[in-house]
Amino acid sequence: VRRTILIARHLLRLLPVLLLLVVAVPGAAVHPATMSLTKLETADGYDLPAGVVWILVLGSDNPTRGQEDKGDTDAIELLGIDVDSGAAAAIGIPRDTWVDLPGGGQDRINTVLRTNDQQAVADVVADLVGIDASYVLLTGGDGFRDMVDTLGGVTVDSKFAFTTDDDPTLHVHVGPNTFNSQQALDFAMTREAFPLQGDIVRAHNHQALLLGLLVQFQRQAGKHGFIETMGLSAIEGLDPGNATPLDLYRLLNALMGVDPDKVSGCVVPGSDKVIGDKDVIIPDKATAQRYGQEVRDDATFDHAC
Amino acid sequence: MGRMARQRNARPRALGARGAVAGLVAGALALVLLVSCTSDGSNPPPPAESPQNAALKVSTISADQLDEKTRNRVESEVSDVIADYVVGGFLGDYPRTDFVRGLADFSSDLARPAGADLDVLTASRYAKATSVRATRLDVRLSFLLPDGQDVGASAYVDFAFEVTQSDGTKVPITLTGRFSLGVRDGEWQFITYQVQRTDDEGLPSETTSEATPESSS
């Protein structure tokens, strides 16, 4: 009996080792098994025609909702989206760009909305870069802030360090900056902070802001119901011109098909000049046309700006 | 033949046929679409036939922001479109080849990429199967109805099907993700899809395990 107890105690001491062997080392035998092969695929599609869809986005300096077309356009960005490839391109046009007016004469492009209408701005842009926009979306300060609030703020990757014109406490750093809606608006409006060609630098900032908004939108869109919430905010915050609420909803959905890594932008360059009492930019039309030709069919710039 | 019940958290009512597609589906497949209603989301009693397709269960996000009449109407309209897609794309008599019928309510611009993604959006790769049965059809809806105008909706789907192949093997498949629908000329139609698809193709086999530490690590 004692020998039996000793053997039992010995076995108990070995129990952890035995358990480890049983668990960790399979026996050398033939085991029927089922190998599972799971095929995982993803697919996405959007209600846009093949090719690039062009949208002219205008930011008015009249902040009041419903009065945006009474103001000057401080932001003018022509956006192209190709959901098949995920590419998107932006051509920025500085607000002081000196252009031929639809009814004759010349003036800064930012006056065209106030003296004509959204379509006239689209026509001037088409004359400059050679691309007709399918939609013209106009917003002012109130609508912009509401939309950014709906997004929950925005993170903008700034190429420049500066202090905003309207808020001396807002210091923008090179790299990512997280803004609330008012800070995003201050960032977008600032140009006095840039001693040289502030209007052109500001157009670059608009493109950085748009990219930040895209990324934030895609991040938030993972929440069930967010796209409809954003759709309502866009319907209320935008003067959509010829676009219907369904068009806005389609475009919002299509933004999910844009790859932020395939987004690029250029700003139409020009030279400073004073005409009468106005500081203007004489656009480099050849470069503007080249930009248009490069991105027209694939929303991708072939060369650096 | 498939039979699919539809379950919504709403007052029960019979579904009307939805145009030519619904008529075709009802006639050709003798498919019966039912709406059953429960307030607690529980499943209705199983019908006599077996195997039975799962009920299409529909709920609405932030439903309290819509009045009941509007919610019932838009839920019903969108559910009809989704039901037609499920029937045309997955269910019906097998073997079959007419899977493109599932895209009947896709907008013309969306039909272009959808045609290229037919293998993901439908059961077209199982054309020679014996049957396809829906085992889970859950949908959460989110509506965009500014000022009472029907504009659009997202449909977050969680679908599961079981394919029975001609050799008797069964393949579970799932389709999850988001569709969006918009209203054109008074009709809801699909305008976006962002979906994930899994096909779990079990391969029965015999394997030999070697009793070596390396193989067990």
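Residues numbered from 1 in each chain as written. Chains lettered and ligands numbered in written order. Predicted model: local features only at pLDDT ≥ 70, side-chain atom pairs only at ≥ 80, totals over all residues. Heavy atoms only, no water.

Participant: Can you help me understand the overall build of chain A in this one?
Facilitator: Looking only at helices and strands, chain A has 9 helices and 14 strands in total. Taking all 305 residues of chain A together, the buried fraction comes to 49%. When the accessible surface of chain A is totalled, it reaches about 14400 Å², and 57% of it is carbon and sulfur. (Helix = DSSP H or I, 4+ residues; strand = E, 2+ residues; numbered from the N terminus. Buried < 20%, exposed > 50% of the residue type's maximum accessible area, 1.4 Å probe, protein only. Areas by Shrake-Rupley, 256 points an atom, 1.4 Å probe, with all protein chains shown as cover.)

Participant: Sorry if this is basic, but what is going on with the pattern of salt bridges here?
Facilitator: A side chain of one charge can pair with a side chain of the opposite charge if their charged atoms are brought near each other. Residue and element names in this part refer to chain B. By the definition in use, this model includes 27 salt bridges over all chains. In this structure, Arg 73 engages Asp 150 in a salt bridge whose closest nitrogen and oxygen atoms are separated by 2.7 Å. Of this pair, Arg 73 sits in helix α2 (residues 68-89) while Asp 150 sits in the loop between β4 (131-144) and β5 (152-164), placing them 77 residues apart in sequence. On the basis of relative accessibility, which here comes to 30%, the residue Arg 73 falls in the partly exposed class. (Salt bridge = Lys/Arg side-chain N within 4 Å of Asp/Glu carboxyl O.)

Participant: It is not clear to me how the environment of Asp 82 of chain A should be interpreted in this structure. Could you clarify?
Facilitator: Residue and element names in this part refer to chain A. As for its position among the elements, Asp 82 is in strand β3 (residues 73-82). The class of Asp 82 is buried, set by a relative accessible area of 8%. For the pair formed by Asp 82 and Ala 299, sequence separation is 217 residues and the distance between their alpha carbons is 6.3 Å. Ignoring anything within four residues of it in the chain, the contact list for Asp 82 reads Gly 51, Val 52, Ala 87, Asp 297, Asp 298 and Ala 299. (Contact = heavy atoms within 4.5 Å.)

Participant: Would you mind going over the pairing of β5 of chain B with me for this structure?
Facilitator: Side-chain direction in a regular strand flips from residue to residue, so the side chains alternate between the two faces of the sheet. Residues and elements named next belong to chain B. For β5, a buried count of 11 out of 13 residues is recorded, marking the element as mostly surrounded by other parts of the structure. For β4 and β5, the ladder comprises 13 bridges, and the chain directions are antiparallel. Paired with Leu 137 across the strands is Phe 159, a residue of β5. Bridging between β5 and strand β6 (residues 170-184) involves 13 bridges; their strand directions are antiparallel. What sits directly across from Asp 158, in β6, is Thr 176. Taking the residues that link successive antiparallel strands as the turn, the β5-β6 hairpin has 5 residues, and the phi of Gly 168 there is positive, at about 95 degrees. (Pairing = 2+ DSSP bridges.)

Participant: Would you take a moment to explain the sheet that holds strand β7 (residues 135-139) of chain A for this structure?
Facilitator: Neighbouring strands of a sheet are bound in pairs by backbone hydrogen bonds; such pairs are parallel or else antiparallel. Residues and elements named next belong to chain A. The 5 strands lie next to each other as β7-β2-β3-β4-β12, forming an open sheet whose pairing is mixed. Lying at the two open borders of the sheet, with one neighbouring strand each, are β7 and β12 (263-267). Averaged over neighbouring strand pairs, the angle between their axes works out to 20 degrees when direction is ignored. (Axes fitted to C-alpha atoms, helices over the stretch in contact; angles between N-to-C directions.)

Participant: I keep staring at the confidence of the model for chain B and nothing clicks. Help me out?
Facilitator: One rule of thumb: low pLDDT means the predicted coordinates there are not for detailed reading. Residue and element names in this part refer to chain B. The predicted model of chain B averages 80 in pLDDT, with 70% of residues at 70 or higher. Of the regions scoring below 50 in pLDDT, residues 10-49 engages in 72 contacts with residues more than four places distant in sequence or in other chains. Segment residues 205-217 is flagged for pLDDT under 50; beyond a separation of four residues in sequence, or across chains, it makes 26 contacts in the model. Taken together, the chains of this predicted complex give a pTM of 0.83 and an interface ipTM of 0.84. (pLDDT = per-residue confidence, 0-100.)

Participant: Mind showing me how you'd approach the confidence of the model for chain A here?
Facilitator: All names here are of chain A. Here chain A averages 90 in pLDDT, and 89% of its residues register 70 or above. Segment residues 1-7 is flagged for pLDDT under 50; beyond a separation of four residues in sequence, or across chains, it makes 0 contacts in the model. Throughout residues 18-29 the model reports pLDDT below 50, and contacts reaching past four residues in sequence, or to other chains, amount to 15 contacts.

Participant: Whenever I open this one, helix α9 (residues 285-295) of chain A confuses me. Can you help?
Facilitator: An α-helical segment advances 3.6 residues per turn. Residues three or four places apart therefore align on the same side. Residue and element names in this part refer to chain A. Turning to α9, its buried residues number three or more, namely Thr 287, Ala 288, Tyr 291, Gly 292, Glu 294 and Val 295. Projected down its long axis, α9 carries its buried residues within an arc of 165 degrees, all on one side. Of the residues in α9, the exposed ones pointing more than 90 degrees away from the buried face are Ala 286 and Gln 293. Of the surrounding elements, those touching the buried residues of α9 are β2 (53-60), β4 (87-92), α3 (118-129) and β12. (Arc of directions from axis to C-beta.)

Participant: Looking at this structure, how should I read the packing of helix α7 (residues 226-237) of chain A against helix α8 (residues 245-255) of chain A?
Facilitator: Each packed pair of helices is defined by two parameters, the angle between the axes and the distance between the axes. Residue and element names in this part refer to chain A. It is at 10 Å that the axes of α7 and α8 come closest, and there the two elements cross at 130 degrees. Between α7 and α8, the interaxial angle falls into the category oblique. Seen along the crossing, α7 lies across α8 with a hand that is right-handed. Residue-level contacts link Ile 227, Glu 228, Met 230, Gly 231, Ala 234 and Ile 235 of α7 to Pro 245, Leu 248, Tyr 249, Leu 252 and Asn 253 of α8. (Parallel < 35°, antiparallel > 145°, perpendicular 65-115°, else oblique. Left-handed = near helix turned anticlockwise from the far one by under 90°.)

Participant: Just to check I follow, could you spell out the side chain of Asn 53 of chain B for this structure?
Facilitator: Residue and element names in this part refer to chain B. Relative to the elements of secondary structure, Asn 53 occurs in the loop between β2 (33-37) and β3 (56-60). Owing to a relative accessible area of 5%, Asn 53 belongs among the buried residues under this scheme. For Asn 53, the side chain forms a polar contact with the main-chain nitrogen of Ala 134, separated by 2.6 Å. (Polar contact = N/O pair within 3.5 Å; in protein donor to acceptor, adjacent residues only side chain to side chain.)

Participant: Just checking my understanding: could you explain the environment of Arg 219 of chain A for this structure?
Facilitator: Residue and element names in this part refer to chain A. Looking at where Arg 219 falls in the secondary structure, it is placed in helix α6 (residues 198-220). Judged by its relative accessible area of 55%, Arg 219 falls in the exposed class. In the structure, Arg 219 is positioned 37 residues away from Met 256 in sequence and 9.6 Å away in space, judged by C-alpha atoms.

Participant: Quick question: what am I supposed to make of the nonpolar core here?
Facilitator: Soluble globular proteins tend to bury their nonpolar side chains together. Judged by nonpolar contacts, the single largest core of 49 residues is most densely connected at Ile 82, Tyr 85, Phe 106, Phe 159, Phe 161 and Phe 179 of chain B. When contributions to this core are tallied by element, the ones reaching two or more residues are β3, α2, α3 (108-116), α4 (118-121), β4, β5, β6 and β7 (187-209) of chain B. If one sorts the elements of this core by residue count, α2 of chain B sits on top with 8 residues. Listed in part, the 48 residues of the second largest apolar core include Phe 144, Met 147, Val 201 and Ile 227 of chain A. (Core = buried A, V, L, I, M, F, W, Y, C linked by side-chain atoms within 4.5 Å.)

Participant: Hey, could you run me through a negative patch on the surface in this one?
Facilitator: A cluster of acidic side chains, namely Asp 100, Asp 117, Asp 123, Asp 127 and Asp 132 of chain A, defines a negative patch on the protein surface. As for its placement among the helices and strands, Asp 100 of chain A is situated in strand β5 (residues 98-100). (Patch = residues over 30% accessible without salt bridge, like charges linked within 9 Å, V, L, I, M, F, W, Y side chains within 5 Å. Lys, Arg positive; Asp, Glu negative; His and termini not counted. Charge placed at Lys NZ, Arg CZ, Asp CG, Glu CD.)

Participant: Explanation requested: the state of the cysteines in the structure shown.
Facilitator: Defined simply, a disulfide is a covalent bond joining two cysteines at their sulfur atoms. Residues and elements named next belong to chain A. For the structure shown, the criterion picks out 1 disulfide over all chains. The disulfide bridge from Cys 266 ends at Cys 305, spanning 1.8 Å between sulfur atoms. Measuring the twist about the S-S bond at about -85 degrees, one finds the Cys 266-Cys 305 disulfide to be left-handed. Of this pair, Cys 266 sits in strand β12 while Cys 305 sits in the segment after α9, placing them 39 residues apart in sequence. Relative accessible area serves as the criterion here: at 1%, Cys 266 is assigned to the buried category. (Disulfide = S-S within 2.5 Å.)

Participant: Sorry, what's going on with the side chain of Arg 250 of chain A here?
Facilitator: Residue and element names in this part refer to chain A. For Arg 250, the position within the fold is in helix α8. For Arg 250, a relative accessible area of 8% corresponds to the buried category. For Arg 250, the side chain forms a polar contact with the side chain of Asp 47, separated by 2.6 Å.

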